[in-house]
Structures are given as structure tokens and as C-alpha cells.
Amino acid sequence: MTKVEAIIQTSKLEAVKDALREIGIEGMTVLDARGHGRQKGHTEVYRGREYTVDLLPKIKLELVLADDMVERVVQAIANTARTGKIGDGKIFLSRIDEAIRIRNDDRGERAL
Amino acid sequence: MRRFAATGLLLLFSFFAPLLAQSQTADSSTARIAQLEQRLADAQSSADNSWMLTSSALVLMMTGPGLALFYGGLVRKKNVLATMMQSFALMALITVLWAFFGYSLCFGEGSSFVGGLHHLFLHGVGLQPEPAYSPTIPQQTFMVYQLMFAIITPALISGAFAERMKFSAMVLFMVLWSILVYDPMAHMVWGKGGFLNASLGGQFPALDFAGGTVVHVTSGVSALVCALYLGKRLGYPREAMPPHSVVLSFIGACLLWVGWFGFNAGSALGSGPLATSAFVATHFGAAAAVVGWCGAEWLRNGKPSVLGGISGAVAGLVAITPAAGFVKPMPALLIGLLAGVFCYFMVAVVKARFGYDDSLDAFGVHGTGGTLGALLTGVFACSAVNPIFKDAQGNPLPSGLIEGNARQLLNQSIAVVIAWGLAIVGTLIILKLVDLTVGLRVSEDAEIQGLDLSQHGEEGYFWEVST
């Protein structure tokens with residue numbers, strides 16, 4: 001089982017969700033996040049005082065998948081979320097030791 | 001013989017009877033006229049009183065929620081409740097003090113500098129008018145209207161020490177400040193025999209229609225003293241401390257603008273043409289100041305901000321406060337425009353250059369705007385709007401510089417200097433006293449945790465944690 005963590009532009013959330021639904025993915029977690037890679041922030045001014053805001057709003061998607069789904073999901077996310085500009089985001093993959101469904105104690109891939 | 005006597009009596013009676021009838025008619029005419037005059041006076045009183053009670057409500061609304069929201073939105077989320085509480089607590093505290101002795105110290109007869117204790121516990125303050133102050137409304141209306149001013153003035157100061165002052169210290173500070181600074185200043189400008197009173201025998205008659213010096217200069221300058229004495233917030237100016245909700249500040253500012261009609265037009269103490277004049281001047285001053293501040297900001301920064309717009313409005317309202325019932329509409333626009341630009345400069349440039357942490361710009365807007373407005377009143381005051389000065393025959397004399405009274409600018413300056421002096425000296429003494437007894441500033445931990453939790457055991461918003 002693999003965990004897919006994708007950090008994407010906030011404006012791309014709906015498109016990515018639609019793309020994932022189209023390939024049969026039904027479960028995900030969506031979080032509000034702030035951050036940056038190489039993307040520059042912007043300045044805001046309040047009564048003459050300047051503030052550099054470099055922690056930019058992003059969306060973080062988390063999915064745990066059976067290994068055979070991973071590449072299709074990665075392609076779906078990347079192709080939909082890409083604009084070609086700095087700030088598009090990143091996808092990270094990591095191994096999951098166990099998954100448990102709370103409702104009925106299903107374990108392993110059955111729980112996904 | 002009897003017939004002769006009877007005829008004589010009849011003749012006598014018919015001679016005098018019409019006269020008797022006439023004097024009875026004369027009596028009832030006089031009575032009718034007196035009755036009508038009384039009813040006319042009652043109607044006048046009714047009109048004036050309804051506006052004055054409305055104005056009193058409007059001015060209270062300026063403090064709560066106007067100022068509470070305006071300031072509350074400007075601080076960080078962890079301090080929003082504490083900041084609002086600073087205004088709200090005063091609504092309660094100052095009222096009690098006012099009822100006990102505050103009104104007496106301001107408006108009772110005393111010396112040139114402070115009132116006496118004749119009206120202790122509002123003794124003698126009933127429903128009959130006090131002719132010296134407001135001949136057409138019950139004295140209690142006048143008293144409660146003035147109370148709302150006494151409430152908002154100290155509340156303005158809280159902008160300077162936001163996010164770092166102990167609540168207990170603030171309470172003690174405000175009690176002492178209202179007695180030592182506000183009451184004497186209000187008495188000098190508005191009280192019977194006050195040193196600066198333009199209509200009731202002041203040695204240096206200053207024109208301050210609704211409190212440019214009494215309210216804004218005193219609070220604004222005291223704010224600066226507090227900011228300097230307490231020192232900067234932890235992390236200022238390196239750390240970013242933007243307003244947590246310009247939305248709240250916006251709502252507060254609009255409530256202030258509308259409420260200010262009670263503040264200025266209500267200072268006409270009646271519902272006649274002078275109230276209209278003050279109303280129009282107030283609105284024009286606010287509007288022009290928005291243009292001034294936003295214009296200056298647009299030129300300097302490339303974008304006009306919403307925070308700038310609402311700050312501009314407040315600056316204009318502050319500056320027009322002393323002038324509202326003395327100037328014509330066009331000068332009101334000019335006063336507003338100048339205030340918008342001047343206060344923008346004070347807040348965006350001067351504050352940064354000198355580095356003091358007047359957190360919510362109480363000095364930058366109220367202290368400087370009030371000073372500017374008080375001086376410009378001396379320039380633009382016009383007897384056609386308000387014949388405040390009269391000669392021995394009762395003819396109006398010129399009020400301001402442009403009309404031909406150059407001396408008025410001197411009197412305005414004296415009032416401004418007294419306000420600055422009283423504010424500085426009074427505030428320093430009180431700060432020292434409170435610091436020695438209660439301690440002014442919260443601990444570092446409490447400041448980092450936020451005043452809502454450390455001073456009040458509450459949080460303003462529970463949005464992130466589901467319950």
C-alpha cells in the first residue's frame with residue numbers, strides 16, 4: 001500500500017477531484033496548507049507597514065492506495081494540476097505499513 | 001322716586017357691565033397666549049429632546065460596537081476579545097463614575113479649571129433644563145449625552161497600548177485618567193466659567209464644537225505617552241502583526257461614521273439649523289478625508305487599501321469634530337481632505353521613522369487629526385453658521401481668521417497646548433502610579449499566549465477545533 005501526498009494550487013482542487021473520480025478513486029483527505037518551494041511570495045501593506053507573505057495557500061491531498069493504482073493516480077493528479085509555472089506543487093509517495101477500517105476492523109488492502 | 005333710583009342703578013350697571021366683561025376677556029386672552037407660549041416651548045423641547053436622546057444613543061454606539069470592532073479587527077486574533085473588552089468595560093465603569101461625581105466635575109460650577117461637587121450623585125440634575133448649557137432639554141438629557149463622550153474618550157487611548165496592557169491596570173488607569181485629565185479639560189472648554197469656554201465666560205475662548213481638543217487631542221496625546229512608556233510589543237517591528245480582520249474594522253468604522261452624526265450634530269444641543277450645519281460638515285469632512293488618504297496611499301504605494309480608506313474616514317471625522325458647528329460645507333471638505341493626507345503621512349511615514357509602537361494609531365489619527373482640526377477651526381469658523389461671539393448690542397462678531405478674527409487662532413493654539421500639556425503630565429503621573437501599584441504590562445508569557453486567554457480566560461473564535 002502506498003500513500004500519495006500531493007501539494008497543489010488551490011485553484012486546481014476541483015479539477016483534480018474530478019479527474020480522480022473518473023479513474024474510480026473514491027477516498028481522499030483534503031487539507032488546507034501554507035507553504036512554498038521556489039515560488040516567491042507577495043507584499044501586503046497595512047497602514048504603511050509592509051508585510052512579506054511567503055507562506056502561500058496550497059491544498060494538500062492525501063490518498064492511500066493499492067500499489068497497482070499508484071501510477072494512474074499520480075498521472076491524473078500531475079496532468080490536471082499542472083500549469084507549467086513555478087508553484088504547481090509536488091507529489092510524494094511513501095510506504096504504508098497497515099490500514100484499518102474503523103467501522104468493521106477490515107485490514108490491509110480490504111480496508112482501502 | 002324708587003323708579004328713578006332703579007333706572008339710575010340700571011344705567012350705572014349698564015355703564016360698568018361692558019367694562020367688567022371686557023376685563024374678563026382681557027384676562028382670558030392673556031391666559032390663552034401664555035398657554036400657547038408654553039405649548040410652543042414644549043413642542044420645541046420635544047423636538048430638541050428627541051434628537052438629543054437619539055444622538056446620545058448614536059454616540060454610545062460609536063464605542064460599542066463601533067470602536068470595539070474597529071480596534072478589535074486591527075489586533076491579532078489572540079487579542080480580539082481583550083481589545084473589545086477595553087471599550088466595553090468603560091461603557092460600564094465611566095457611567096458609574098459619571099453618575100457619582102464625573103458630571104459634577106465637568107459641568108458643575110467650580111473654578112476655571114475644574115467643576116465642583118455640587119452635583120455629587122447627580123444632585124440637582126433633574127428634568128428641568130439647565131439654561132446655561134441647554135435651555136430646551138431636560139438636564140438629565142444633557143448629562144447622559146455628555147456621559148457618552150466621557151465614555152468614548154478614554155476608550156480611544158486603548159489603541160496605543162493594545163495587546164500588552166493588564167486589564168486591571170487599564171481599569172485603574174482609566175478611573176484616574178477620567179478624573180485627572182478628561183474632567184478638567186471638559187470643564188475648561190464646556191463647563192460654566194471654564195478657562196477656555198467660548199460661550200460661558202472663558203478667559204481664552206476656544207472654539208471646540210464637539211470635542212476636538214477635549215476628546216481627540218487629550219486621548220491621542222495620552223496614547224502616545226502610553227505607547228512610549230509601555231514600550232513596544234514583543235517582536236515589533238520585525239514580526240508581522242497584520243490586522244486579523246479588516247472586515248471587523250470596516251464594520252466598526254462605518255458604525256463610527258454614522259454614530260459621529262450624533263457626536264457632532266448632537267453637539268448643537270438642539271434639532272434646529274445648527275444641527276443640520278454640523279451634520280453636513282461632519283459628513284463632508286469624512287468623505288473628503290477618505291479621498292485624501294486613499295489618494296495619498298494610491299500615489300505612494302500604487303494601491304489604495306480598504307484599511308486606508310476607513311482610517312481616512314476616521315481621520316476626517318476627528319478633524320471636523322471641533323469645527324462641525326462653525327464652518328460652512330466647502331471648508332468642511334477642505335478640512336477633511338487635509339486631515340486625510342496629513343494623518344496618512346503621520347501614520348505611514350512618521351511613525352515608522354520614529355519607531356514608537358502606537359499599535360492602532362490612536363496618536364496618529366486622533367492626536368494629530370484633533371490638533372489639525374482645532375487649528376483649522378480657528379481659520380474657517382464663520383459667524384454666519386454660528387454667531388458665537390457677539391458685541392454689547394448682540395450683533396455677531398467675526399469668528400475665525402478668514403472672516404477677520406485673527407486672534408482666534410491664538411486661542412485655538414492655547415487650547416491645543418493646554419490639552420497636550422494636561423494629557424502629557426496627567427498621563428505620566430497616572431502611568432507611574434499604576435505601574436508602582438498594579439504593574440502596567442502583562443508578563444512575556446501572557447503576551448505571547450494572548451490577552452484573551454491570559455486576562456479573560458476566553459478565546460474569540462472556536463473555528464478550527466470541532467466540538
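Residues numbered from 1 in each chain as written. Chains lettered and ligands numbered in written order. Predicted model: local features only at pLDDT ≥ 70, side-chain atom pairs only at ≥ 80, totals over all residues.

In this section: the overall build of chain B. In terms of helices and strands, chain B carries 13 helices and zero strands. Secondary structure elements of chain B occur, N-terminal to C-terminal, as α-α-α-α-α-α-α-α-α-α-α-α-α. Dimensions of chain B, computed from C-alpha atoms along their principal axes, come out at roughly 120 × 50 × 45 Å. The buried share of chain B, taken over its 467 residues, is 53%. The contacts of chain B with a sequence gap of at least 6 include a subset with a gap of at least 24, amounting to 74%. (Helix = DSSP H or I, 4+ residues; strand = E, 2+ residues; numbered from the N terminus. Buried ≥ 20, exposed ≤ 12 C-beta atoms within 10 Å, placed from the backbone. Contact = placed C-beta atoms within 7 Å.)

This part is about the overall build of chain A. Check the secondary structure of chain A and you find two helices and six strands. Along chain A, helices and strands appear, N-terminal first, in the series β-α-β-β-β-β-α-β. Relative to a compact globule of 112 residues, whose C-alpha radius of gyration would be 13 Å, chain A shows 17 Å and is clearly more extended. The 112 residues of chain A split such that 15% are buried. For chain A, restricting intrachain contacts to residue pairs at least 6 apart in sequence, the fraction spanning at least 24 positions comes to 70%. (Rg over C-alpha atoms; globule rule 2.2 N^0.38 Å.)

As a further point, take the pairing of strand β1 (residues 2-8) of chain A. Residue and element names in this part refer to chain A. Bridge count for β1 against strand β5 (residues 56-65) is seven bridges, and the pairing is antiparallel. Bridge assignment links valine 4 to a residue of β5, and that residue is leucine 63. Examined bridge by bridge, β1 and strand β6 (residues 89-95) share seven bridges and lie antiparallel to one another. When the sheet's bridge partners are listed, valine 4 is paired in β6 with leucine 93. (Pairing = 2+ DSSP bridges.)

This part is about the environment of Asp445(B). By secondary structure assignment, the location of Asp445(B) is in helix α12 (residues 444-449). Separated by 113 residues in the primary sequence, Asp445(B) and Ala332(B) have C-alpha atoms spaced 47 Å apart.

Residue and element names in this part refer to chain B. Mapped onto the elements, leucine 147 comes out in helix α3 (residues 139-157). You can call leucine 147 buried: it has 21 C-beta atoms within 10 Å. Setting aside residues up to four positions removed in sequence, leucine 147 forms contacts with Thr95 and Trp98.

With 13 residues of chain B at the contact, the number on the chain A side is six residues. When residues of the side of chain B that touches chain A are traced back to their parent elements, those giving at least two are α8 (306-320) and α9 (329-354) of chain B. When residues in the side of chain B that touches chain A are grouped by element, the largest group, four residues, is from α9(B). Grouping the constituent residues of the side of chain B that touches chain A by class yields eight nonpolar, four polar and one charged. (Nonpolar A, V, L, I, M, F, W, Y, C, P; charged D, E, K, R; others polar.)

Here we come to the packing of α3(B) against helix α4 (residues 167-190) of chain B. The angle between the axes and the distance between the axes are what describe a pair of packed helices. Residue and element names in this part refer to chain B. Remark: α3 packs on α4, axes separated minimally by 11 Å, with the N-to-C direction vectors making an angle of 115°. Between α3 and α4, the angle is such that the two are roughly perpendicular. Judged by the twist between their axes, the crossing of α3 over α4 is right-handed. When α3 is examined against α4, the residues Ala150, Thr153 and Pro154 are found in contact with a partner set consisting of Met174, Trp177, Ser178 and Tyr182. (Axes fitted to C-alpha atoms, helices over the stretch in contact; angles between N-to-C directions. Parallel < 35°, antiparallel > 145°, perpendicular 65-115°, else oblique. Left-handed = near helix turned anticlockwise from the far one by under 90°.)

Time to look at the sheet that holds strand β2 (residues 29-35) of chain A. All names here are of chain A. Strands sit in the order β2-β5-β1-β6 across an open sheet of four strands; the sheet is antiparallel. Lying at the two open borders of the sheet, with one neighbouring strand each, are β2 and β6. Within this sheet the neighbouring strands show an average axis-to-axis angle of 20°, counted without direction. On the sheet, helix α2 (residues 70-81) packs against β1, β5 and β6 and is oriented at approximately 0° with respect to β1.

Take helix α11 (residues 407-437) of chain B next. The terminal C-alpha atoms of α11(B) lie 45 Å apart, and with 31 residues this matches the ideal 45 Å at 1.5 Å per residue to within 8%. One or two steps after α11(B), the chain reaches Gly439(B), where phi turns positive at roughly 90°. (Expected span 1.5 Å × (residues − 1).)

Core analysis: the biggest nonpolar cluster contains 143 residues, and Leu256(B), Ala323(B), Ile335(B) and Ala339(B) have the highest contact counts within it. Those residues in contact with Ala323(B) that sit more than four places away from it in its chain are Phe209(B), Ala281(B), Ala332(B), Ile335(B), Gly373(B), Leu376(B), Thr377(B) and Phe380(B). The next biggest cluster of nonpolar side chains, apart from the first, holds 11 residues, and it includes Val16(A), Leu61(A), Leu65(A) and Val73(A). (Core = buried A, V, L, I, M, F, W, Y, C linked by C-beta atoms within 7 Å.)

Turning to helix α7 (residues 273-301) of chain B, a few remarks are in order. Here α7(B) spans 42 Å end to end across 29 residues, near enough to the 42 Å set by a 1.5 Å rise per residue. Note on α7(B): the residue one or two positions beyond its end, Gly302(B), has a positive phi of about 90°.

So, on to the packing of α7(B) against α9(B). Residues and elements named next belong to chain B. The interhelical angle for the contact between α7 and α9, taken along N-to-C directions, is 35°, at an axis separation of 6 Å. The element α7 and its partner α9 pack so that their crossing is right-handed. A class-by-class count of the residues in the contact of α7 with α9 yields 20 nonpolar, four polar and one charged.

On to unusual backbone geometry, then. The step from Gly64(B) to Pro65(B) runs through a cis peptide bond, and the omega angle for that step is 5°. The residue Glu163(B) is not glycine, and still its phi comes out positive at about 75°.

A few words now on the confidence of the model for chain B. With 96% of its residues at a pLDDT of at least 70, chain B reaches an overall mean of 94. This prediction of the complex comes with two scores: 0.90 for pTM and 0.78 for ipTM. (pLDDT = per-residue confidence, 0-100.)

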